[in-house]
Amino acid sequence: MPFSISTFSAPPGAIPLCSNVRRFPHCSYHIAPNRLRSRRASNFCQIFHGLRLWISESLSLLQHDGKSGQTQKFKTIKNHKGDEFEKPFEETSSQAQQVPEAVLKSNLSSASENLQSDAPDSSGSSGSLPQSLMSNRIIGDKEVPSLCIAVIGATGELATRKIFPALFALYYSGFLPENVGIFGYSRKNITDEELRSIISATLTCRIDHQQNCSDKMDAFLSRTFHVNGGYDNNKGMSKLNFLMEQIERYSEANRIFYLSVPQNALLDVALSLSSKAQTKKGWNRVIIEKPFGFDMKSSHFLTKSLLSQFEENQIYRIDHLLGKNLIENLTVLRFANLVFQPLWSRTFISSVQVILSEELGVQTKRFLDGGGIIGDIVHSHILQTIALLAMEPPISLDGEAIRNEKVKLLRSIRPLEPSDVVLGQYKSSAKDKVDLFLDDLTPTYFAGALYIDNARWDGVPFLIKSGLGLIKHCVEIRIQFRQVPGNIYREHIGYNSASTTNEIILRDVPEEAILVRVNNKVPGLGLRLDSPELNLLYKDKYNVDVPDSYEHLLLDVIDGDSHLFMRSDELAVAWNILTPILNEIKENNIKPELYEFGGRGPIGAYYLWAKHGVRWVEE
């Protein structure tokens, strides 16, 4: 059935517009007839189709005339599996990009307005979206996969301070494709430009290469769009899907959804995006922030609900502390250095300490849910660190191979006994100028002794010390070795033989370093021993900018590398270790010991260390 069309002024040589909207299947794919008024649908589709044909012919002429010209290849995204980006991204020539600019500005504005006004519930998104996307995707290899990244909860503090800056750093460093689309999804009725203004204040360039920083930042922001999801996530996700398709068009399409939302909204958002926003033209991956439940029961329910909608390999449970270089270096030190391999067992190691203390300037609201510091730090970060430190060698660096070994190790850890745990809660003083009052027994400090019942680690205590509002910010792992049997220098050591214990110290804060404590003769007459630290300070050795942990973990998600993300069975085993303590807290059988805000923590932790025969280390 013929439709009347509006006049479209195209340059000489343009292909005439067709008159039947049914001849444009690509338009009907994006714009369902039952969603648009027929007149506007035909109007836009015909304009779009005619413009597309004219652009195609113009570019083919340009390419024919300029075969000798070279195109600049972008960096390829590092490959991990077959479903990743396999081909390099090519930059379009500046001449080809400039051809349609005037036409786009003068002839697509009305079509853009029609699309935005008639798109499914498109309030809150900028009307410039289709025009901007057309400008960014004029030509390109249809075989190159597109990547759309949606940040759900885009106006929250985590998104603006961490997630968007990490995405920009990856884009700036060449780890995101040029046909990437960044979507900020929130309930706020703001425009694209308002979102870009919010996040631009937090964007910074890499320290080691700042060329064309402003250009890169403008390019990144031009690919960033806001989606007003409203209070109906099904409608909001349908809108998000509609806008993502404008970038993906005909190519293979991959999508990442970062759920930066409160726990009480997590399932509703996840289930809505599962049914309304997943692509069928590539892979979909969902990033979930901790806590992953509050105990065994809630975690099981959350996991079961997620697995009813997603495959296990689609779910990435992110803990930003596991993106630190310290954690990534654990397996390198263990399995790439022969000097450490024979020592890594109960035969030579007497104890292992995992310490994470935060100073008084760190805010504490995040600890008030999910079992306090147990759900926020111990369940994920501490237990994952111990698993990587103590696991058996995996058969490869494949993410599943590493996760298999971590699960085996976690299953070997005894469930904690109340006698092996000290809990604490800070108390504020009059000089503190912030409200730090806690009206329940939520622990803000945890000290515990774990034992691993396997042949490698039998009898070796793994001591945890994690607290909030302490005197110093410290993140480190201390591996203490046994005393030298029959040490002929014992008379020169003195009574404090513990001070001469050999140690390997892996430190992230205050200065990233690897330290090895050895015994050494002090220069001079006589025989006097000292225990200095041989140090490798990263800032002195490596003149590079250390990426933020979110950059590291987001790149792993893009690459499909899952080894630093907890699998469902890891999640369950970790809760099983901590459940006895959580039950005791719930029944009021354990009460946190109060400690001064800005102090050294509960006194009981000192006695716990002594009970297990370990020297307490003052930070």
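For the structure itself, consult the block above.
Report follows, based on the coordinates. Remember, predicted model here, so these are calculated numbers, not experimental data. (Residues numbered from 1 in each chain as written. Predicted model: local features only at pLDDT ≥ 70, side-chain atom pairs only at ≥ 80, totals over all residues. Heavy atoms only, no water.)

Let's talk about helix H10 (residues 233-248)
Under the 1.5 Å per step criterion, the end-to-end length of H10 is 22 Å for 16 residues, consistent within 8% with the ideal 22 Å. Judged by how many residues are buried, H10 sits mostly within the fold: 13 of 16 residues are covered. One side-chain oxygen of the residue at the start of H10 lies 3.0 Å from the amide nitrogen of asparagine 234, identifying that residue as aspartate 232. Arginine 249 occupies a position one or two residues after H10 and carries a positive phi of about 50°. (Helix = DSSP H or I, 4+ residues; strand = E, 2+ residues; numbered from the N terminus. Expected span 1.5 Å × (residues − 1). Buried < 20%, exposed > 50% of the residue type's maximum accessible area, 1.4 Å probe, protein only. Polar contact = N/O pair within 3.5 Å; in protein donor to acceptor, adjacent residues only side chain to side chain.)

Focus: the sheet that holds strand S17 (residues 593-596)
Adjacent strands of a sheet pair through backbone hydrogen bonds, lying either parallel or antiparallel. As summarised here, the arrangement of the nine strands in space is S16-S13-S12-S11-S7-S10-S9-S8-S17, forming an open sheet in which the pairing is mixed. Single-partner strands in this sheet number two, and they are strand S16 (533-537) and S17. Within the sheet, the average angular offset between the axes of one strand and its neighbour, ignoring direction, is 15°. Helix H14 (residues 373-390) contacts strand S7 (349-359), strand S8 (421-427), strand S9 (445-451), strand S10 (461-470) and strand S11 (474-481) of the sheet and is inclined by roughly 145° relative to S10. (Pairing = 2+ DSSP bridges. Axes fitted to C-alpha atoms, helices over the stretch in contact; angles between N-to-C directions. Contact = heavy atoms within 4.5 Å.)

So, the pattern of salt bridges
Within the structure shown, the criterion is met by 23 salt bridges. When the shortest N-O distance is used, the salt bridge between arginine 255 and glutamate 248 registers 2.7 Å. A relative accessible area of 1% means that arginine 255 is categorised as buried. Where lysine 406 meets glutamate 570, a salt bridge forms, and the shortest distance between an N and an O atom there is 3.3 Å. In this pair, lysine 406 sits in helix H15 (residues 399-411) while glutamate 570 sits in helix H19 (residues 568-586), placing the two residues 164 residues apart along the sequence. The two residues lysine 406 and glutamate 570 agree in class, both being buried. Each of Glu476, Arg478, Glu503, Arg507, Arg517, Glu533 and Arg615 takes part in salt bridges that share partners, so that together they form one network. (Salt bridge = Lys/Arg side-chain N within 4 Å of Asp/Glu carboxyl O.)

Points about the state of the cysteines
Inspection of every chain in the model, using the stated rule, returns one disulfide. Note on cysteine connectivity: cysteine 205 is disulfide-linked to cysteine 213, with sulfurs 1.6 Å apart. Residues cysteine 205 and cysteine 213 are joined by a disulfide whose S-S torsion is about 65°; by sign, that bridge is right-handed. (Disulfide = S-S within 2.5 Å.)

Observations regarding the environment of leucine 158
Along the polypeptide, leucine 158 turns up in helix H7 (residues 157-172). Given a relative accessible area of 24%, leucine 158 falls into the partly exposed group. Between the C-alpha atoms of leucine 158 and serine 260, which are 102 residues apart in sequence, the distance is 7.2 Å. Residues contacting leucine 158, with those up to four places away along its chain left out, are Ile163, Tyr258, Ser260, Glu289 and Tyr550.

Comments concerning the packing of aromatic side chains
Two aromatic rings are characterised by how far apart their centres lie and by the angle between their planes. Going through the model one piece at a time under the given rule, you end up with nine aromatic pairs. Seen in terms of ring centroids, tyrosine 316 and phenylalanine 565 are 5.1 Å apart; in terms of plane orientation they differ by 80°. Their pairing is edge-to-face. Of this pair, tyrosine 316 sits in strand S6 (residues 315-318) while phenylalanine 565 sits in the loop between helix H18 (549-559) and H19, and the two are 249 residues apart along the sequence. On the accessibility criterion, tyrosine 316 (3% relative accessible area) is buried. According to the relative accessible area criterion, phenylalanine 565 is buried, its value standing at 1%. Grouping aromatic residues by their ring pairs yields a cluster made of Phe168, Tyr171, Tyr172 and Phe220. (Phe/Tyr/Trp six-rings, centres within 6.5 Å; stacked < 30°, edge-to-face > 60°.)

Structural notes on a nonpolar patch on the surface
Where nonpolar side chains cluster on the molecular surface, the patch consists of Ile488, Tyr489 and Leu527 and spans about 310 Å² of accessible area. Within the secondary structure layout, leucine 527 lies in the loop between strand S14 (520-521) and strand S15 (529-530). What makes leucine 527 partly exposed here is its relative accessible area of 37%. (Patch = residues over 30% accessible without salt bridge, like charges linked within 9 Å, V, L, I, M, F, W, Y side chains within 5 Å. Areas by Shrake-Rupley, 256 points an atom, 1.4 Å probe, with all protein chains shown as cover.)

Considering the side chain of aspartate 556
Checked against the element boundaries, aspartate 556 lands in helix H18. With relative accessibility at 3%, the residue aspartate 556 sits in the buried group. Residue contacts for aspartate 556: discarding those within four places in its chain leaves Asp561, His563, Leu564 and Phe565.

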